[in-house]
Structure formats: structure tokens, C-alpha cells
Protein chains: 2
Amino acid sequence: MALLLLLLKWLQWKFLITDQAEEVYTGFIALFFTVLGIWLAFRLRSPEVRTVIVEKEIPVPLTADAGINETELQKLNLSSREYEVLQCMSRGLSNAEIAAELFLSVSTIKTHASNLFVKMDVKSRTQAIEKSKRLRITP
Amino acid sequence: MALLLLLLKWLQWKFLITDQAEEVYTGFIALFFTVLGIWLAFRLRSPEVRTVIVEKEIPVPLTADAGINETELQKLNLSSREYEVLQCMSRGLSNAEIAAELFLSVSTIKTHASNLFVKMDVKSRTQAIEKSKRLRITP
DNA sequence: AAAAGCCTCATACTTTAGTACCAAAAACGG
DNA sequence: CCGTTTTTGGTACTAAAGTATGAGGCTTTT
């Protein structure tokens, strides 16, 4: 900047000495500072940043309970006990094993199972397991 | 541009008339054309675009049969018929339904099922289903 | 308070699943 | 060709699953 001012002074002095036409002098000044402005603009202007978001699909191993389908689960309208029994079934447990795990009698498990099948619109525990896994309401 | 030149002429005339100091006049000219240069640069220059690509990860659940575990399947050493029966079981079919689908008698299905359970080291079809899905040898 | 829904358990019964054992035809490898 | 495995199917039996029905206790809603 200081250098530029010196140059300006020199140009001014030179033109006065040589007694050139003032229009020419002004033209040079205008041209010079126009170029200076353009240069400044190029230097100072921050580049426009355009952010492009690229969606990248990454396969995920589908962890056990990551994607429990709450929506489908609610549609079935299972009671909490019925859902517990269904979860045990999906683990491959027999009625006796489920009864032992939940501290219930086999009769109770059978009752829950029957009600469960009606609500799920299936006719056997294997169909219930298949459907529950297909709808992702059990791991 | 023509308008600007007229303005310049007017400024020049005014300053001459009022007999201002030439440095002030030159300063105004310089400032004006610097601004003009900056404005021109901003108007005419094609915007420099720096594209930033941001990868957005979208979890995609692995499809069921994408990763049929051939290794685990071979370990079990199932015969082709036994594997067919296992696949039908995993679909929730009963022995009678499997027999109908494979054009076999229920006795044959039971035989295959029993041999299957021994090879898979399970004690019921529900356990077989659970294990086959856990090892990803059925969809 | 009455009704509804859920949880529990029981009995009695039918159906299905599963085991054990046997046996014959077919397929397959050495 | 012979031995092995697979596939098929049978009978007889046991175990488990599933259905139907009832009933008492509990909580929530109306």
C-alpha cells in the first residue's frame, strides 16, 4: 500500500512536470485503481463453498435388537406376557422351559401361546417364530 | 460506463472550479475506481466453487439370504433332503405340509427330521429353526 | 360399582411332533 | 461288483403342542 502511494506520488509529479493533459493523467489513475480493485477483489474474496452431500450406503450387520419393528409389534396388540412367551419361543424353548424361565405353569404358557397364535393369525409356534422373525419383532 | 465517465467529468470539473487540492481529488478518483474495480471483479468473475463432498452413511440392513453361511452349513454335514426339510421347517411348515410340498409321506419327513436334529445337535424343530437362523443357513 | 382386559392355573381332549426300530430301493464311490 | 450312504416309508409308541372351557384374582376403565 505504501509502495502504491509512492508510485502514485511519482506519477502525479511526473505528469505535472511534463505538463500533460489532466484527462490523460486522470485516465491513468482510474485505470490503475480499477486494476487495483480487481486485484484486491480476487485476493480478498473468499471462494464460494458448495457443499455436496453424497449419500453412501454402508451395509450394517443388523445387530440383534437394533431393528425391532415397534410398529408391527403394536399392530399385533400382544400383552406383555404374550410377548415374553413369543420371545422365548423364538429362542427355541419348549413350553416347559418357558414355564421354568418365567416361573409359571405349563398351563399358563399354553394359554398365552393359544391367545398369541390367534392374535398373530398363525396356527403353530413354528409359524409364530417365522412371522415374528420376518416382521423383526424378535431378534 | 458512459454514466460513470460523465460522473468523472463532473467531479473533475467541480474540483477544478473549487480549486481543491489535487491530492484530495486524486484520492477520490483512486477510491472510486478501486471500488469500481472490486465491483467489476465481483460482477464479471465466474464464481470459484470449491465443492466439498461429505459422505453421509446410510445403514442398510443386510438382506436375509445375502449371507448364507456355507461354512457352517457344511460343518453340519446335512444331506440334500435333510436340508430341504430344514428350509421348510424354517418357513413354519408342519410335517404334513412339508410332506405335501416335497411329495413325500409324513413318515419320511419324520425320519429326515430326526436325523436332522441329531446332526444339528438340537432336540426340537423350534431349536433347529433358531439355530439355522442364527447360523444363517436358512433365510 | 360394573365391565373389560389381563394373568394365572386347571382339566380334558385332539393333534402334532418326535423317537425307536425296521426295511427296501436307489445312488454313489472305490 | 460290493459296501456305504441316502432316500423312502412303515409301525408303534411317547412326548409335546395345541384347543376348549372354566374359574379366580387383579388392574384399569367407564
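Above: the structure in question.
Quick caveat, the model's predicted, so the values are computed rather than measured.

Scanning all chains against the criterion turns up ten salt bridges over all chains. The salt bridge involving Glu-130 of chain A is made with Arg-134 of chain A; its shortest N-O contact spans 3.0 Å. Taken as a pair, Glu-130 of chain A and Arg-134 of chain A lie in helix 7 (residues 125-134) at a separation of four residues, close to a single helical turn. For Glu-130 of chain A, a relative accessible area of 18% gives the class buried. Two residues, Lys-75 of chain B and Glu-72 of chain B, come together in a salt bridge whose shortest N-O distance is 3.5 Å. Taken together, the residues Lys-75 of chain B and Glu-72 of chain B, both in helix 3 (residues 70-76) and three residues apart, mark about one turn of the helix. In this structure Glu-72 of chain B comes out as partly exposed when scored by relative accessible area, which is 22%.

It is worth spelling out the packing of helix 4 (residues 80-90) of chain B against helix 7 (residues 125-134) of chain B at this point. All names here are of chain B. Axis separation between helix 4 and helix 7 bottoms out at 9 Å; the angle between their running directions is 95°. When the axis of helix 4 is compared with that of helix 7, the two are roughly perpendicular. Residues Leu-86, Met-89 and Ser-90 of helix 4 touch helix 7, and the partners they reach there are Arg-125, Ala-128, Ile-129, Ser-132 and Lys-133. Within the contact of helix 4 with helix 7, the residues separate by chemical class into four nonpolar, two polar and two charged.

For the rest of this paragraph, the subject is the nonpolar core. By size, the foremost hydrophobic cluster in this structure holds 44 residues, and its most contacted members are Met-120 of chain A together with Met-120 of chain B. Those residues in contact with Met-120 of chain B, other than ones at most four positions away along the chain, are Leu-76, Leu-78, Leu-86, Ala-128, Lys-131, Ser-132 and Ile-137 of chain B.

Turning our eyes to something else, we now look at the protein's contact with DNA strand D. Near DNA strand D, the surroundings consist of 16 residues, among which Ser-114 and Arg-125 of chain A together with Ser-79, Ser-80 and Arg-81 of chain B are the closest. Across the atoms of DNA strand D situated within 4 Å of the protein, the share located in sugar and phosphate is 67%. Note that a base oxygen of DNA strand D is positioned 2.9 Å from one of the side-chain N or O atoms of Lys-110 of chain A. Here Ser-80 of chain B contributes a side-chain N or O atom positioned 2.7 Å from a phosphate oxygen of DNA strand D. At the level of elements, helix 6 (106-120) of chain A together with helix 4 and helix 6 (106-120) of chain B are the ones that each hand at least two residues to the surface near DNA strand D.

What counts as what
- Residue positions are counted from 1 within each chain, in the order its sequence is given.
- By the order in which they are written, chains take letters starting at A while ligands take numbers starting at 1.
- Reporting in this predicted model follows two pLDDT cut-offs: at least 70 for local features of residues, and 80 or more for side-chain atom pairs to be given and counted; totals over whole chains, interfaces and linings ignore these cut-offs and use all residues.
- Remark: hydrogens and water are excluded; side-chain values derive from all non-hydrogen atoms of the structure.
- Only one rule defines a salt bridge in this text: a Lys or Arg side-chain nitrogen within 4 Å of an Asp or Glu carboxyl oxygen.
- Secondary structure elements follow DSSP: runs of H or I no shorter than four residues count as helices, runs of E no shorter than two count as strands, and numbering proceeds from the N terminus.
- Buried means the residue's accessible area, taken with a 1.4 Å probe over protein chains only, is under 20% of the maximum for its type, while exposed means over 50%, and partly exposed covers the values in between.
- Orientation is described by axes fitted as lines to C-alpha atoms, over the contacting stretch for helices, and by angles from 0 to 180 degrees between their N-to-C directions.
- An angle counts as roughly parallel when it lies under 35 degrees, as roughly antiparallel when it exceeds 145, as roughly perpendicular when it falls between 65 and 115, and as oblique in every other case.
- Residue contacts follow a heavy-atom distance rule, with two residues in contact if any of their heavy atoms lie within 4.5 Å.
- Here the nonpolar group is Ala, Val, Leu, Ile, Met, Phe, Trp, Tyr, Cys and Pro; Asp, Glu, Lys and Arg are the charged ones; every other residue, Gly included, is treated as polar.
- Buried residues of nine kinds, namely Ala, Val, Leu, Ile, Met, Phe, Trp, Tyr and Cys, make up a nonpolar core once their side-chain atoms join them within 4.5 Å.
- The rule for a residue being near a molecule or strand is that one of its heavy atoms must lie within 4 Å of it.
- In protein, a polar contact requires one atom able to donate a hydrogen and another able to accept it; more generally it is a pair of N or O atoms within 3.5 Å, and residues adjacent in sequence count only if both atoms are side-chain atoms.

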